[in-house]
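Here are the chains, one letter per residue:
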Amino acid sequence: MEYSIKSGDPTKQRTACLVIGVHSRRQLTPPAKLIDKASKGYLSQLLKRGEMDGDAGQQLMLFDVPGIQAERLLLVGLGKAREFDLKAYRKTISGVVKTLDKGQASNAICCLSDLTLNDASLYQAVRDGVIAAEEALYHFDQLKSDAKKNPRPLKRLTLFLNDRRYTKKAQRALAHGQAIANGMTLAKDLANLPGNICTPSHLAAQAQKLGRGNTKLKVQILEERRMEALGMGALLSVSRGSRQPAKLIIIEYKGGKSGSKPVVLVGKGLTFDAGGISLKPAAAMDEMKYDMCGGASVIGTLQACAEMELPLNVIGVVPASENLPDGDANKPGDIVTSMSGQTIEVLNTDAEGRLILCDALTYCERFKPAVIIDIATLTGACIVALGKHTSGLLANNDALADEVLAAGTHSGDRAWRLPLWDDYQPQLDSNFADMANIGGKEAGTITAACFLSRFTKKLKWAHLDIAGTAWLSGAKKGATGRPVPLLSQFLLNRCKLSD
Ligand code: BES
Ligand code: MN
Ligand code: ZN
């Protein structure tokens, strides 16, 4: 969809639909007051009659409203003014856009973005308005042979501001919103594709496509031969049971000064996780096509970076592989040697994410990262601990952890920190190798991070476990695009560009 910013007098706007808010109880917002005046009290009479009282979620489509130029007017309830925060605003935009997309108006002017939000700036309202709109319109039907098309979809949404002075700031917010939304859409599309289409080679090809036509993006794919030469025994051991070759995707975005240390993002790109010889149960195994969501979020964030032209160096690294049972697959008890030289006893072949990540993390030492963040659908235990709302965060550096948490809160894509104390490390003891790849029943998310911490000692490192947040199950099954908003916010904050 197309977005734009406009300011002026809402009563003078020629548009297929003007979107105006009312707070409960029957409290007109400033643009609603202007329209009420121009229409000689049409809106206040309507409210008095009890057609609507402004509760959150209410919508009323009006035609032929006197005194204005718009063909229609969509009156939306915003709930109590005191409680109207960024979250409520996002939800309102989402509802509005869905109604408009189903209706007859193909363009609209929305007068909600500069209402006083008690917890957000105008920049954020505009940016998150665009993101909420794009999320509401997202659908994945590229594999349906009879995809239903809206007869008259919404094509253009104009965010209306009262005050002309903010136009420039709003324009930047709009561009950022579009970039982040596009990054999320890319991440969702890649993730929603099934394992037979989205293979490691497909992920690599999509990353390479990003690199074409953007001089600031350089994409490089390492093949298995190269991984062997580098000694990536852990990564390659996971891929051995698969007929699809593993790929190590490296996307470099050079927006900063040459020589300034990059932020490195590493995403787990397991395009299908059957568990290997430690086979998973059949129920919901299809959802393991989402085991590459960390990688998809890295690719999406790098696209967003490039689109926002951030003055920063960022490198995205995605180890991509399948994890399948096979005569040549990892067997429980096998011992593999990682690129770091540390040996690993593979007690459970389903704990494969950490095996592909540890070699990718060691590889990244060469980039001399300012900080490194890995993103992975790593443990079912994280869903038990935090549910589907919150990503798990573990880090070996407090300042970095705080920065990641703040970016999550700021973007509404929240994470919560779990401890990475040494007390947990002995759970990884092995009788036969330097470490085991599992740490037993207790604290599974923490022991997984403990495992990774043994490969990031030289780095300022944070780990996001997105097993719960990367996709939804049940009737709403689908990728969420998380944590692209958190990661984008993190990068924006690093260049002080987010307000
Ligand atoms: N990809 C899974 C983690 C996962 C499971 C994410 C369910 C989302 C939903 C990972 O590779 C895995 O299988 N982890 C095991 C680790 C265990 C064997 C120590 C798990 O969580 O059960
Ligand atoms: Mn697994
Ligand atoms: Zn996995």
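Residues numbered from 1 in each chain as written. Chains lettered and ligands numbered in written order. Predicted model: local features only at pLDDT ≥ 70, side-chain atom pairs only at ≥ 80, totals over all residues. Heavy atoms only, no water.

J.: Tell me about the coordination of the zinc ion (ligand 3), and name the residues and values.
T.: Those protein atoms acting as donors to the zinc ion (ligand 3) are Lys268 (NZ), Asp273 (OD), Asp291 (OD) and Glu352 (OE), and they sit at 2.0 to 2.4 Å. Positions of the donor residues of the zinc ion (ligand 3) along the chain correspond to the pattern K-x4-D-x17-D-x60-E. Here the zinc ion (ligand 3) and the manganese ion (ligand 2) are spaced 3.1 Å apart, and both take Asp273 as a donor. Here Asp291 lies in the loop between β11 (269-273) and α9 (293-308) and Asp273 lies in strand β11, a separation of 18 residues in the sequence. Judged by relative accessible area, which is 2%, Asp273 ranks as buried. (Donors = N, O, S within 2.8 Å, 3.2 Å for Na, K, Ca; no water. Helix = DSSP H or I, 4+ residues; strand = E, 2+ residues; numbered from the N terminus. Buried < 20%, exposed > 50% of the residue type's maximum accessible area, 1.4 Å probe, protein only.)

J.: Residue-level account of the coordination of the manganese ion (ligand 2), with values.
T.: Each protein donor to the manganese ion (ligand 2) is listed here as Asp273 (OD), Asp350 (O), Asp350 (OD) and Glu352 (OE); together their distances run 2.0 to 2.2 Å. Classification of the site at the manganese ion (ligand 2) as irregular follows from its six donor atoms and the range of 69 to 167° in their angles at the metal. As a motif over one chain, the donors of the manganese ion (ligand 2) read D-x76-D-x1-E. (Tetrahedral: all angles 85-135°; square planar, octahedral: opposite > 155°, others 65-115°.)

J.: Let's hear about the packing of aromatic side chains: which residues, and what values?
T.: Centre distance and the angle of the planes are the two values used to describe a pair of aromatic rings. On inspection of all chains with the given rule, the structure shows four aromatic pairs. Aromatic side chains Phe84 and Tyr89 sit 6.5 Å apart centroid to centroid with 85° between the ring planes, which places their arrangement in the edge-to-face category. Judged by its relative accessible area of 0%, Phe84 is buried. Geometrically, the ring pair formed by Tyr363 and Phe367 is edge-to-face, given 5.9 Å between the ring centres and 80° between the ring planes. When its relative accessible area of 5% is taken as the criterion, Tyr363 is described as buried. (Phe/Tyr/Trp six-rings, centres within 6.5 Å; stacked < 30°, edge-to-face > 60°.)

J.: A description of the sheet that holds strand β18 (residues 435-436) should follow, citing residues and the corresponding values.
T.: One open sheet accounts for three strands, arranged β13-β14-β18; its pairing is mixed. The strands lining the two open edges of the sheet, one partner per strand, are β13 (334-337) and β18. Where β13 lies against strand β14 (residues 343-346), four bridges are found, and the strand directions are antiparallel. When the sheet's bridge partners are listed, Thr337 is paired in β14 with Thr343. (Pairing = 2+ DSSP bridges.)

J.: Explain the UniProt feature "binding site: Mn(2+) 2" (unreviewed entry) in the chain to me, and be specific about the residues and the numbers.
T.: Here, the residues flagged by UniProt with the feature "binding site: Mn(2+) 2" (unreviewed entry) are Lys268, Asp273, Asp291 and Glu352. Spatially, the listed residues are clustered: although they cover 85 residues, their C-alpha atoms lie within 11.3 Å of one another. Its location among the elements puts Lys268 in the loop between β10 (263-267) and β11. We classify Lys268 as buried; its relative accessible area is 2%. In this structure the side chain of Lys268 is engaged in a polar contact, spanning 3.1 Å, whose partner is the side chain of Asp291. Looking at the element boundaries, Glu352 is found in the loop between β14 and α10 (353-364). With relative accessibility at 1%, the residue Glu352 sits in the buried group. Other than its neighbours up to four places away in sequence, Glu352 contacts Val238, Lys268, Leu270, Asp273, Asp291 and Asn323. (UniProt positions renumbered as here; feature names shortened; annotations may be inferred. Polar contact = N/O pair within 3.5 Å; in protein donor to acceptor, adjacent residues only side chain to side chain. Contact = heavy atoms within 4.5 Å.)

J.: An account of the layout of surface pockets is needed here, citing residue identities and associated values.
T.: Taken as a whole, the largest pocket encloses approximately 1,700 Å³ of empty space. Along its surface, the largest pocket is lined by 43 residues, and Glu135, Gly412, Leu472, Thr480 and Arg482 are the ones closest to its centre. Going through the elements one at a time, α3 (86-102), α4 (122-137), α5 (167-192), α12 (398-411), β20 (471-472) and β21 (478-479) are the ones with two or more residues in the lining of the largest pocket. Class assignment for the residues of the lining of the largest pocket results in 13 nonpolar, 12 polar and 18 charged. Among the domains, domain 1 (2-161) and domain 2 (180-495) are the pair contributing at least three residues each to the lining of the largest pocket. (1 Å grid on protein atoms, 1.4 Å probe; cavity = no way out; pocket = protein on both sides within 12 Å on 5 of 7 lines; lining within 4 Å. Points joined across faces, edges and corners; volume = space filled by probe spheres on them. Nonpolar A, V, L, I, M, F, W, Y, C, P; charged D, E, K, R; others polar. Domains from an automatic or database assignment.)

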